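Survey of secondary and tertiary structure
Spelled out from the first residue to the last, the chains are:
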Amino acid sequence: MSNKKNYRRYKSMLDKVYTLQFKNSAKSLLPQGQIKYHIQNYQKYFRLSKKEFSKKKILETGAGPGIHAAVLSLMGAEVHAADILNSNIKKIQKIKNIYKLSKLKIIKHDFMKIFPNLKTFNLVACHNWIQHTPNPQKVFINLTSKMSLGSRFYLSCYLSGTFRFFITQ
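The notes below deal with the structure included here.

Among all positions of helix α5 (residues 136-144), only Val139, Asn142 and Leu143 are buried. Taken around the axis of α5, the buried residues stretch over an arc of 95 degrees, which confines them to a single face. On the buried face of α5, the contacting elements are β1 (57-61), β4 (123-127) and β5 (152-156).

As structure tokens, then:
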């Protein structure tokens, strides 16, 4: 079986899994505790105050249902939420509509390929998805090799030894 055929099958399987996993996402407002938690994390890991985010252009990669992209947008940033799956693109659109996020842009992209105009982003976020790709090293290189000097990259992966880590192997 060819690599392209395997990859198409992989994407189809992902769409089915994520459709089930995120079936209740983007149906209503996010819990305030969840928003606060992610705001604190982004401030800590990007080393920025909440106010400084309003001056930033952020690429939220592997955006899933758009929760993290919405939080970053609620902080005032211009956010480009990118995901490969049609089901996730639809959910990002729903959460964008719920919050009326005019600074949230939605992009369908496969990060096995280099993202165009990566240099225009101040911050790139990669939250809990890269380890699920067929080639995490290639994706990481695609995300970081074209970043501009002074931009920042946030990478979050499940910790080894946790339940979530074991079920994703």
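What follows covers the pairing of strand β3 (residues 104-108). Direction of pairing for strand β2 (residues 78-83) relative to β3: parallel, over a ladder of five bridges. Directly across from Ala82, in β3, lies its bridge partner Ile107. Once the chain exits β2 it traverses helix α4 (residues 86-99) before rejoining the sheet at β3, and the crossover so formed is right-handed.

Here we come to a nonpolar patch on the surface. Among the surface-exposed residues, Phe140, Ile141 and Leu155 lie close enough to one another that they form a single nonpolar patch of about 250 Å² accessible area. Here Phe140 shows up in helix α5. By relative accessible area, which is 35% here, Phe140 ends up partly exposed.

What follows covers helix α2 (residues 32-46). Across its 15 residues, α2 extends 21 Å between first and last C-alpha, which sits within 8% of the 21 Å expected from 1.5 Å per residue. Tucked inside the fold, the buried residues of α2 contact β1, α3 (67-74), α4, β4 and β5.

Moving on, we get to the packing of α2 against α3. When two helices pack together, their arrangement is given by the angle between their axes and by how far apart the axes lie. Remark: α2 packs on α3, axes separated minimally by 10 Å, with the N-to-C direction vectors making an angle of 75 degrees. Our classification of the angle between α2 and α3 gives roughly perpendicular. Only Ile67, His68, Val71, Leu72 and Leu74 of α3 make contact with α2, whose side of the interface consists of Gln34, Ile35, His38, Ile39 and Tyr42. Residues belonging to the contact of α2 with α3 are distributed by class as follows: seven nonpolar, three polar and no charged.

Turning next to the sheet that holds β3. Each strand in a sheet pairs with its neighbour through backbone hydrogen bonds, running either in the same direction (parallel) or in the opposite one (antiparallel). Within the open sheet, the five strands sit side by side as β3-β2-β1-β4-β5. Their pairing is parallel. Looking at which strands have only one partner, the edges of the open sheet turn out to be β3 and β5. Across the sheet, the mean angle from the axis of one strand to that of its neighbour is 15 degrees, orientation sign disregarded. Note: β4 against β5, five bridges, orientation parallel. Bridge pairing in β5 links Val124 to Phe153. Running at roughly 170 degrees to β3, α4 makes contact with β2 and β3 of the sheet.

Quick look at the side chain of His38 now. Inspection of the secondary structure assignment puts His38 in helix α2. Among all residues touching His38, those that are not within four sequence positions of it are His68, Val71 and His127.

What counts and what doesn't
- Residues numbered from 1 in each chain as written.
- Predicted model: local features only at pLDDT ≥ 70, side-chain atom pairs only at ≥ 80, totals over all residues.
- Heavy atoms only, no water.
- Buried < 20%, exposed > 50% of the residue type's maximum accessible area, 1.4 Å probe, protein only.
- Helix = DSSP H or I, 4+ residues; strand = E, 2+ residues; numbered from the N terminus.
- Arc of directions from axis to C-beta.
- Contact = heavy atoms within 4.5 Å.
- Pairing = 2+ DSSP bridges.
- Right-handed = clockwise from strand over helix to strand, strands pointing away.
- Patch = residues over 30% accessible without salt bridge, like charges linked within 9 Å, V, L, I, M, F, W, Y side chains within 5 Å.
- Areas by Shrake-Rupley, 256 points an atom, 1.4 Å probe, with all protein chains shown as cover.
- Salt bridge = Lys/Arg side-chain N within 4 Å of Asp/Glu carboxyl O.
- Expected span 1.5 Å × (residues − 1).
- Axes fitted to C-alpha atoms, helices over the stretch in contact; angles between N-to-C directions.
- Parallel < 35°, antiparallel > 145°, perpendicular 65-115°, else oblique.
- Nonpolar A, V, L, I, M, F, W, Y, C, P; charged D, E, K, R; others polar.

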